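Chain by chain, the residues run as shown.
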Amino acid sequence: MKRTKLLALALAGVMALALLVGCGGKTEDRRIAENVADIMKRSHSNVEEVSYSVPELSGAVRSAFAPGWLNEAGTVLDRYALTQDGRTVEDFLKDSLKAYEERSTVYFFAFDATGESAYAQSERFVQGKAPSLTVFYQRVSITAYTKMRVGVCHKTVGEKDYCLVVLVLA
């Protein structure tokens, strides 16, 4: 009887630890998303509603992302780089994020975040050092935007960890 209880307790502990370890990345992603939203709200003061979910980012975009989307220095996203299926990065992002095209401005950011804390990654947005591509652009005043979506995820390629961000203003 004691052995069964100890085994059950040990199994519960292992499951709880696995849950905490598995959520570590999501917690960091959410923290970065919240920081990016706060930074962007400084220049988009009419934003009243913020969402932290862009499912296409953690799905198709994350799967397709490759370091070759960035220049050698990692400072510029190349809209004309080719994806594995032969489309340009720009065309791929437009197809993948098409749900946000109407009445929205959409930006995609990607950078090597290897060894950087969530704070350091967020600071790239304050300093304007997060390479970006404008996926869709609406010619409206920045005060016209009242909604914002920020999605953040990471992808490890080889020894490097890349931070990927989609920002949608509507």
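See above for the structure.
Keep in mind the model is a prediction, meaning the values are calculated, not measured.

Visitor: Describe the environment of Lys147, listing the residues and the values that go with them.
Guide: The residue Lys147 is located in strand S4 (residues 147-157) in this model. A sequence separation of 43 residues divides Lys147 from Ser104, and the C-alpha atoms of the two residues are 9.4 Å apart.

Visitor: Now, about the packing of aromatic side chains: what can you tell me, with residues and values included?
Guide: Scanning all chains against the criterion turns up seven aromatic pairs. Geometrically, the ring pair formed by Phe65 and Trp69 is edge-to-face, given 5.3 Å between the ring centres and 70 degrees between the ring planes. Per residue, the accessibility class of Phe65 equals that of Trp69, and both read buried. Grouped by ring-pair contacts, the aromatic residues Phe65, Trp69, Phe92, Phe108 and Tyr162 constitute a single cluster.

Visitor: So what about the sheet that holds strand S2 (residues 105-112)? Which residues, and what values?
Guide: Taken in spatial order, the five strands make up an open sheet running S1-S4-S5-S2-S3, and their pairing is mixed. Looking at the sheet topology across the chains shown, the edges are occupied by strand S1 (49-51) and strand S3 (132-136). When the angles between neighbouring strand axes are averaged without regard to direction, this sheet yields 20 degrees. Direction of pairing for S2 relative to strand S5 (residues 160-169): antiparallel, over a ladder of eight bridges. What sits directly across from Asp112, in S5, is Tyr162. Along the sheet, helix H2 (residues 55-64) makes contact with S2, S4 and S5, crossing S4 at roughly 40 degrees. Sitting on the sheet, helix H3 (residues 89-96) is in contact with S2 and S3, with an inclination near 50 degrees to S3.

Definitions and limits used
- Residues numbered from 1 in each chain as written.
- Predicted model: local features only at pLDDT ≥ 70, side-chain atom pairs only at ≥ 80, totals over all residues.
- Heavy atoms only, no water.
- Helix = DSSP H or I, 4+ residues; strand = E, 2+ residues; numbered from the N terminus.
- Phe/Tyr/Trp six-rings, centres within 6.5 Å; stacked < 30°, edge-to-face > 60°.
- Buried < 20%, exposed > 50% of the residue type's maximum accessible area, 1.4 Å probe, protein only.
- Pairing = 2+ DSSP bridges.
- Axes fitted to C-alpha atoms, helices over the stretch in contact; angles between N-to-C directions.
- Contact = heavy atoms within 4.5 Å.

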